[in-house]
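Coordinates in review
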Amino acid sequence: RKDIRIGDTVVIERAGKVIPAVVKAVVEKRTGKERAIAAPSRCPACDSPAVQREIVTADRKEVALRCDNLQCPAQRTRRIEHFASRAALNIEGLGGVVADAVVARGLAQEPLDLMSAEVPPLAGLNLGTDEEPRVLGEKNATKIVEALKKSRDLPLSRWLFALGIPEVGEITAYKISAIHKSIEEIAHSPVLKDITDLHRKKTERERVNPASRLNPPKSDREKAERQACADKLDEEIATLEGRLRPFDIKDVGPVVAESMLSFFASPPGEEVLDRFQKLKLAPKGGALAEAASDQAAAGAFSGKTVVLTGELGSMSREKATELVRARGGSVTGS
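Per chain, the residues get numbers from 1 upward, laid out in the order the sequence is written. Where local features are concerned, this predicted model is filtered to residues with pLDDT of at least 70; where side-chain atom pairs are given and counted, the filter is 80 or more; whole-chain, interface and lining totals use all residues. To obtain the side-chain values, all non-hydrogen atoms of the structure were included, while hydrogens and water were left out.

**Looking at the packing of aromatic side chains**
- Pairs were defined over the aromatic rings of Phe, Tyr and Trp, the Trp ring being its six-membered one, requiring ring centres within 6.5 Å. Orientation was assigned from the angle between planes: stacked under 30 degrees, edge-to-face over 60, tilted for the rest. Using the criterion set out here, one finds 3 aromatic pairs in the structure.
- Plain terms: the ring middles of Phe 83 and Trp 159 are 5.7 Å apart, the flat faces sit at 70 degrees to each other, and that makes the pair edge-to-face. Residue Phe 83 is located in helix H1 (residues 73–83), and its partner Trp 159 is located in helix H5 (residues 156–162); the two are separated by 76 residues in the primary sequence.
- When a residue's accessible area, from a 1.4 Å probe over protein chains only, is under 20% of the maximum for its type it is buried; when over 50% it is exposed; and in between it is partly exposed. We classify Trp 159 as buried; its relative accessible area is 0%.
- Only lysine NZ and arginine CZ atoms are considered, and such an atom sits over a ring when it is within 6 Å of the ring centre and within 35 degrees of the ring normal. Across from the ring centre of Tyr 174, 3.6 Å away, lies the NZ or CZ of Arg 325, which sits over that ring. A run of H or I in DSSP counts as a helix once it spans at least four residues, and a run of E counts as a strand once it spans at least two, with each numbered from the N terminus.

**Regarding the environment of Ala 45**
- With respect to the helices, strands and loops of the structure, Ala 45 is situated in the loop between strand E4 (35–36) and strand E5 (50–51).
- Judged by relative accessible area, which is 42%, Ala 45 ranks as partly exposed.
- Taking the C-alpha atoms as reference points, Ala 45 and Gln 75, separated by 30 residues in sequence, lie 8.9 Å from one another.
- Note on definitions: a residue-residue contact is assigned when non-hydrogen atoms from the two residues lie within 4.5 Å. Filtering out sequence-adjacent residues up to four positions away, Ala 45 remains in contact with Cys 72, Pro 73 and Ala 74.

**A word on the packing of helix H10 (residues 254–265) against helix H11 (residues 267–278)**
- Axis lines are fitted to C-alpha atoms, over the contacting stretch for helices. Their N-to-C directions set the angle, which ranges from 0 to 180 degrees. Running from N to C, H10 and H11 point in directions that differ by 75 degrees, and their axes come no closer than 4 Å. One element, H10, and the other, H11, form an angle in the roughly perpendicular class. Contact residues: H10 offers Phe 263, Phe 264 and Ala 265, while H11 offers Pro 267, Gly 269, Glu 270, Val 272 and Leu 273.
- Each residue gets one of three labels, nonpolar for Ala, Val, Leu, Ile, Met, Phe, Trp, Tyr, Cys and Pro, charged for Asp, Glu, Lys and Arg, and polar for the others, Gly among them. Broken down by class, the residue content of the contact of H10 with H11 amounts to 6 nonpolar, 1 polar and 1 charged. Roughly parallel refers to an angle under 35 degrees, roughly antiparallel to one over 145, roughly perpendicular to one between 65 and 115, and oblique to any angle outside these ranges.

Structure, rendered in C-alpha cells:
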C-alpha cells in the first residue's frame, strides 16, 4: 500500500510513543537499485497457499499472510514451542531447537502428544544431524518430563493460553478462564455466544438506524419499519448487556469470542477436547476464582488496573501478575 521497497530511504515516526512506524518512502532519493518486496503466494515450509484471513468485526482482510495448513511442520514446531513457553506451561528446556527435533524425529506432532512423553526416547532425541548427532540426554529429558507432570496442576488460564488459539492472549485467557470452570464449559460457553450476538445486534442496530445521516430512510414507511426494528434490537441489546454485566469481560471482545467458539467447533478443537478427556486433564478455572473472590475483593489492588513494565528485582512478571490478581487487581499490557 505504501510502496516501500528494499533499499528505500524512509521516513520514520514514533507511533504510540514507543513503536517506530514507517510513514512513507522518500521517492526523490531512489537510485533505481531499489527492489519491490514480493509477498509470497505459498508457505515456504509446506508449499500450501498463503492466505489473508477475514477480520470478523470488519469488512476487510488481515494484512498478514498465513499458512492455513495445520499439518505444516513449521506450525507443528511453533505450536509445541508456544505450548512449552514460560507464559504457557513453562516447560524449561523445551525451546525451539528441541521442538524442531521432537517433530522432525516423530516423537510428537501436536502439543498434547508431549503429555505422554517418557524419559528414554526423549533422552535419545537427536538435536543435531545424522552426520553430526547431538542427543538431548537423560538429565534434560527428565527435567522436561517432570515439568510436564507438574503442568497438570496449572490453572485453566495457562492451559487455554498454551493451546495457541488465534486472538487469545494471556489476559483474555485469564478473563475467560475466570468465568468458566472447565475447558468443556468454555467450548460451549453461553457467555461467549452472548458477546458475539451482542456485537452482531449492535452492528445491525447501526445499519437500521432511522436517524442515520449516512444511510437515511427513503420514505416515511421505511423510516417507521426501521424504527420498529431498532426498538426490538434495543430491547435485545439491553437483555444481552444485562446478562453480561456480572462478568468482567472488558478485554474479551467479539473477535476473541468468535475465535474461541470457532476453534472448539472445528475438528482440531474437538480433537483437543477429546485428548483432554483421554489424558485426564482437568485444569480448574472459575471455581478457583470464586473461592478466591472474597479475599481478592478485600485486597490491596481491588478495583485497580496495573501495568507491569521494566524489570522487577525480586520476582518475575508472571509471579507479580499472579500476586496482583490474587489481591483483586487486573493486569493489562498498556
